[in-house]
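As a plain string of letters, each chain reads:
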Amino acid sequence: MERTIHRVAEKNGRSGTAHGYAITGWEYEEGWLITFWLIGQDPVKTVWVDSPTTFYSVRRIQLDGQRAIEINPEPLELTAEEKDAIISMVWRWEIPEPLTVAGTCMVESLAKALDLSNDDILEMFRRARRDPSIQDHAVKTLEENGYKVHVFCPEGFSYRERRRIVTMIKKKDQTKGHAVLVYENNEGIFDAASIFKRVDDILSTGTLGYNIGSVLIIEKTA
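Before going into details, it helps to say that this report is about the structure given with it. What you see is a predicted model, and the numbers here were worked out from it, not measured in a lab.

What counts as what
- Residues numbered from 1 in each chain as written.
- Predicted model: local features only at pLDDT ≥ 70, side-chain atom pairs only at ≥ 80, totals over all residues.
- Heavy atoms only, no water.
- Helix = DSSP H or I, 4+ residues; strand = E, 2+ residues; numbered from the N terminus.
- Buried < 20%, exposed > 50% of the residue type's maximum accessible area, 1.4 Å probe, protein only.
- Contact = heavy atoms within 4.5 Å.
- Areas by Shrake-Rupley, 256 points an atom, 1.4 Å probe, with all protein chains shown as cover.
- Pairing = 2+ DSSP bridges.
- Core = buried A, V, L, I, M, F, W, Y, C linked by side-chain atoms within 4.5 Å.
- Expected span 1.5 Å × (residues − 1).
- 1 Å grid on protein atoms, 1.4 Å probe; cavity = no way out; pocket = protein on both sides within 12 Å on 5 of 7 lines; lining within 4 Å.
- Points joined across faces, edges and corners; volume = space filled by probe spheres on them.
- Nonpolar A, V, L, I, M, F, W, Y, C, P; charged D, E, K, R; others polar.

## A look at the overall build of the protein
(1) Moving on: From N to C terminus, the protein includes 5 helices and 13 strands.
(2) Moving on: The burial tally for the protein puts 42% of its 222 residues in the buried class.
(3) Moving on: Sequence separation of 24 or more characterises 50% of the internal contacts of the protein that already satisfy a separation of 6 or more.
(4) Moving on: In the structure as shown, the protein presents an accessible area of about 12200 Å², 47% of it carried by carbon and sulfur atoms.

In structure tokens, the structure reads:
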């Protein structure tokens, strides 16, 4: 990897713990500058991470949140435990933390649909390093974990005998979405945000500021 210059995305570092390691990271363009150590032990290591599989040692860097850094990374061999801790922490910063702000409706709807816990669902996506709020990510991750996902257009809502996750797009901001679970035979609805309180509300999404997107029906295959 050639010497590169990266500009910081966030001035202040983030800190957390994962799998027994204390980790601090600064998000820069195209990657993260990370320091980590096994709690209770030395030494502290500094690495540059730009993908779940590439790690580089970084020397003589002032870790002060400066606006731009120039790095001349060297290939670094880490243990499987170290790699998993770092990538798990970065995944947490990049995906679950923003989801907590934007809304965890897809995670909670999947948990209800599959009779699992929210933590079970998040663990699937942590292992896959994917975002549950992105439909393609959700389909791939579920299918890797023994489920078959049928994706229908809005007319898929008519499959009354099946549990259905109904996705929606906000009319005023196409970048924002929502998801709810409709139970078998329309016996009830689960909405983590309590926007839709009855199954009939799905039929009038427009009055609530949404358009219906895809409908997902999930079945266990393994």
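## What about the sheet that holds strand β3 (residues 21-28)?
(1) Moving on: With antiparallel pairing, the 6 strands of this open sheet are ordered in space as β2-β3-β4-β5-β6-β8. In the strand order of this sheet, the two ends are held by β2 (14-18) and β8 (74-75), each with one partner.
(2) Moving on: Bridge count between β2 and β3: 5 bridges; the pairing is antiparallel. Residue pairing in the sheet places Gly16 in a bridge with Ile23 of β3.

## Notes on the nonpolar core
(1) Moving on: Grouped together as the largest cluster of nonpolar side chains are 24 residues, with contacts concentrated most on Leu110, Ile121, Phe125, Leu142, Ile165 and Ile218.
(2) Moving on: Contributions of two or more residues to this core are made by α3 (105-114), α4 (118-128), α5 (135-144), β9 (147-152), β11 (177-182) and β13 (210-220).
(3) Moving on: It is α3 that contributes the most residues to this core, 7 residues altogether.
(4) Moving on: Judged by nonpolar contacts, the second largest core, of 16 residues, contains Ile23, Val47, Leu78 and Trp93.

## With respect to helix α1 (residues 80-94)
(1) Moving on: When the terminal C-alpha atoms of α1 are compared, their 21 Å separation across 15 residues agrees well with the 21 Å that a helix rising 1.5 Å per residue should span.
(2) Moving on: Those residues of α1 that fall on the buried side of the exposure criterion are Glu82, Ala85, Ile86, Ile87, Ser88, Met89, Val90, Trp91 and Trp93.

## Considering the layout of surface pockets
Rolled over the atoms, a probe with the dimensions of a water molecule shows which regions are left empty.
(1) Moving on: In this structure, the largest pocket encloses a volume near 600 Å³.
(2) Moving on: Around the largest pocket, the lining comprises 28 residues; the ones closest to its centre are Ser133, Thr175, Lys176, Gly177 and His178.
(3) Moving on: Those elements giving two or more residues to the lining of the largest pocket turn out to be α2 (96-102), α3, β10 (164-170), β11 and β13.
(4) Moving on: Broken down by element, the lining of the largest pocket gets its largest block of residues, 4 residues, from β10.
(5) Moving on: Taken together, the residues of the lining of the largest pocket sort by class into 13 nonpolar, 11 polar and 4 charged.
(6) Moving on: Of the voids in this model, the second largest pocket is the one considered here, and its volume is about 180 Å³.
(7) Moving on: Lining of the second largest pocket is provided by Gly31, Trp32, Val49, Asp50, Ser51, Pro52, Ile87, Val90, Trp91, Glu94, Ile95 and Arg129.
(8) Moving on: Those elements giving two or more residues to the lining of the second largest pocket turn out to be β4 (31-38), β5 (45-51) and α1.

## Brief notes about the environment of Gly177
(1) Moving on: Locating Gly177 in the fold gives a position in strand β11.
(2) Moving on: Taking the relative accessible area as the measure of exposure, Gly177 reaches 51% and is therefore exposed.
(3) Moving on: Counting along the chain gives 33 residues from Gly177 to Tyr210, while the straight-line C-alpha distance between them is 8.3 Å.
(4) Moving on: Residue contacts for Gly177: discarding those within four places in its chain leaves Met168 and Ile169.

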